[in-house]
Amino acid sequence: MKKLDINIPVYDQDVVILKADSLQTIDDYIEDCYRVQLEKSSCRSASTYILPENVIIIGITPEVTDRIIVHETGHATFQLLKNIGINPYYDDESFCYIQDYLFDKVTNWNNRND
């Protein structure tokens, strides 16, 4: 499994990216490391995990596409803003900047780790 920690310094928040051959491998890792019980998802190539204590994880597999990464970074961005008390519905500019930042970091890292 490969791991990338993305820090959003202006908000002092982190998003963790995990890449493995399957989401089941990622699920098992998260359940073991974070001592949580996850609901099983029907997703096959990516998923966003919102854990206690404001931990945000995006799990991806080799089958992930940029379109799916946009979707998952949207979930992560929404939660990150909620974590710090910003309503993403009313601050769309912050939402767009953070999602763009996350998307860029994830896709660049993913392309280097194929």
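Analysis parameters
Residues numbered from 1 in each chain as written. Predicted model: local features only at pLDDT ≥ 70, side-chain atom pairs only at ≥ 80, totals over all residues. Heavy atoms only, no water. Helix = DSSP H or I, 4+ residues; strand = E, 2+ residues; numbered from the N terminus. Buried < 20%, exposed > 50% of the residue type's maximum accessible area, 1.4 Å probe, protein only. Contact = heavy atoms within 4.5 Å. Expected span 1.5 Å × (residues − 1).

Remarks on the side chain of T77
Line of reasoning, step 1. Relative to the elements of secondary structure, T77 occurs in helix α2 (residues 66-83).
Line of reasoning, step 2. Classification of T77 by relative accessible area gives buried; the value is 0%.
Line of reasoning, step 3. When sequence neighbours within four positions are dropped, the list of residues in contact with T77 reads F95, I98, Q99 and L102.

Some thoughts on unusual backbone geometry
Line of reasoning, step 1. Although it is not a glycine, E53 adopts a positive phi angle of roughly 65°.
Line of reasoning, step 2. Along the chain, E53 falls in the loop between β3 (46-51) and β4 (55-60).
Line of reasoning, step 3. Assessed through its relative accessible area of 76%, E53 is described here as exposed.
Line of reasoning, step 4. Look at N54: it is not a glycine, yet its phi comes out positive at around 65°.

Examining α2
Line of reasoning, step 1. Taking 1.5 Å per residue, 18 residues should reach 26 Å; α2 reaches 25 Å between its end C-alpha atoms and fits that length.
Line of reasoning, step 2. Taken together, the buried positions of α2 are I69, E72, T73, G74, A76, T77, Q79, L80, L81 and N83.
Line of reasoning, step 3. Of the surrounding elements, those touching the buried residues of α2 are β1 (2-8), β2 (13-19), β3, β4 and α3 (92-112).

The quantities given are spatial measurements derived from coordinates; they are silent on function.
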